[in-house]
Structures are given as structure tokens and as C-alpha cells.
Amino acid sequence: MKFTFTDKKVNIPNRVHAYAEKKIGKLERYFHTEPEVSVVFSVEKGRNILEVTIRSGATVIRVAESTSDMFVTIDAAVASIERQLRKNKSRLEKRLRKEAFDVVPDEAYFVPETDEDEESAYQLVRNKRFFFRPMSIDEAILQMNLVDHTFFAFRNEDDGGAFSVVYKRNDGGYGIIVDED
């Protein structure tokens, strides 16, 4: 695993980084390719916050945990990731393409953030560009759940590559928005 550690407004000792690397490193057995792990440590209102993002192929798994002790927070984050992997790995093997987690888009598709100099009626805070790869609706819902977001944009391979967005509904179900073009 390739690790990137970031300490936000706090100095974390190297032994904490080593502990996180050891614990998160045990998750490598779940991946076919070598995953890249981004770990962000921060402290807010006396709570130790840990955000872990794992990228392996086209799969992104994100977990955020917070407790009063950084070591306990690391353990909780690893447990959450392991729970997500076990739950979604079995679903993936049953329903989705086996190569779904192995496809990696070229880095040329990812464009860095740009700052807009134009004045507008609305303040645009951030501008991102992404490669929306073709996938099934089930795979898009799985990806949305793995990054713990409420929506996920993708190209719907079941609808000829139409731009689509899946989202979580308040009643616990899922919805989809499909481009008519």
C-alpha cells in the first residue's frame, strides 16, 4: 500500500502514523492491485478525527471516524472499512462485473481544480472535472455507498452511455436521474 499522511492543524507523532500504516496495511489482502491510501488526522473540539480514503483501480472507499483517542479512532476506521469491504465484496462477486474494481482511467482524464476569475451572481467555490466511466446502475450505487455520498454521477452502460446520477432517497431507497439526450 502507498500511504499519504496529512496532519491538519495538529502534530501527530510518527508512532501514530506507524500504527495507522500497520493497521490499515492489513486491509491490502482485499485488493487485486496495490491501493493508494490517504490518511488525514485532525483534532476538533477535543475529538480526534481520522479520514481514510483508499483508491484501488476505479474503486474509492472513504471512512471518517472520531473518538477521544487517536489509536481507538484508527481501530474504528479500520473496522468500518473492513465491514464495508466484506459487505460490498460479496455483492460485487454476485452481481457486478469481475473487472469492475480493476479498471483504472488514465491520469489524463483527471484535470486539476481551476480557479474562476470571473465575477458572477453566485460564488463558485470549487470547480472539478472528472472522468465519468461507463458502469451499471448497481455498480454506481455500490461506488456511491463506498465513498459514503448521497449521490453519484456516471455514464449508464445500460442506457447507451447516457449521463446519469443515482441518489439516496430519504425513505432509504435509491433514485436515478437520466439525461434524455
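Read on for a plain summary of the structure.

Rules used in this analysis
- Residues numbered from 1 in each chain as written.
- Predicted model: local features only at pLDDT ≥ 70, side-chain atom pairs only at ≥ 80, totals over all residues.
- Heavy atoms only, no water.
- Helix = DSSP H or I, 4+ residues; strand = E, 2+ residues; numbered from the N terminus.
- Contact = heavy atoms within 4.5 Å.
- Expected span 1.5 Å × (residues − 1).
- Buried < 20%, exposed > 50% of the residue type's maximum accessible area, 1.4 Å probe, protein only.
- Arc of directions from axis to C-beta.
- Salt bridge = Lys/Arg side-chain N within 4 Å of Asp/Glu carboxyl O.
- Core = buried A, V, L, I, M, F, W, Y, C linked by side-chain atoms within 4.5 Å.
- Pairing = 2+ DSSP bridges.
- Axes fitted to C-alpha atoms, helices over the stretch in contact; angles between N-to-C directions.

**Some remarks on the environment of S42**
Following the sequence through the fold, S42 ends up in strand β2 (residues 36–44). In this structure the C-alpha to C-alpha distance between S42 and V10, which are 32 residues apart in sequence, comes to 6.1 Å. Not counting residues up to four positions away in its chain, the partners in contact with S42 are K8, V10, R47, N48, I49 and M70.

**Some remarks on helix α1 (residues 14–25)**
Between its first and last C-alpha, α1 extends 16 Å over 12 residues, near the 16 Å set by a 1.5 Å rise per residue. Of all the positions in α1, only V16, H17, A20 and I24 are classed as buried. Burial along α1 is one-sided: seen end-on, the buried residues are contained in an arc of 100°. Residues of α1 that are exposed and angled more than 90 degrees away from the buried face: N14, R15 and K22.

**Some words on the pattern of salt bridges**
A full pass over the atoms with the stated rule returns 3 salt bridges. Between E139 and R133 there is a salt bridge; the shortest N-O distance is 2.5 Å. Across the pair, exposure class does not vary: E139 and R133 are buried alike.

**Things to note about the nonpolar core**
Among the nonpolar cores identified, the biggest contains 24 residues, and I24, L27, F41, V52, I54, I74 and I81 are the most heavily contacted of them. Elements supplying a minimum of two residues to this core: α1, β2, β3 (47–56), β4 (59–67), α2 (70–95) and α3 (137–146). Per-element tally for this core: the top contributor is α2, with 6 residues. I74 has contacts with V16, Y19, A20, K23, F41 and L50, leaving out every residue within four places of it along the chain. In terms of nonpolar packing, the next biggest core, distinct from the first, is built from 6 residues, M135, A140, I141 and M144 among them.

**Focus on the sheet that holds strand β1 (residues 2–8)**
If you walk across this open sheet you meet the 4 strands as β1-β2-β3-β4, and the pairing is mixed. Each end of this open sheet is capped by a strand with a single partner; those strands are β1 and β4. Each strand of the sheet is rotated relative to its neighbour by a mean of 15°, with strand direction disregarded. As judged from the 7 bridges shared by β1 and β2, these two strands associate in the parallel manner. The residue bridging K2 from the neighbouring strand is E36, located in β2.

**Topic: α3**
Counting buried positions over the 10 residues of α3 gives 8, a clear majority of the element. Looking only at α3, the buried set comprises E139, A140, I141, L142, Q143, M144, N145 and L146.

**Details of the sheet that holds strand β6 (residues 151–156)**
One open sheet holds the 4 strands; their spatial order is β5-β6-β7-β8, and the pairing between them is mixed. The open sheet has two edge strands, β5 (134–135) and β8 (174–178), and neither has a second partner. In this sheet, β8 lies alongside strand β7 (residues 162–168) in antiparallel orientation, the contact comprising 5 bridges. Its bridge partner lying in β8, V166 is registered against I176.

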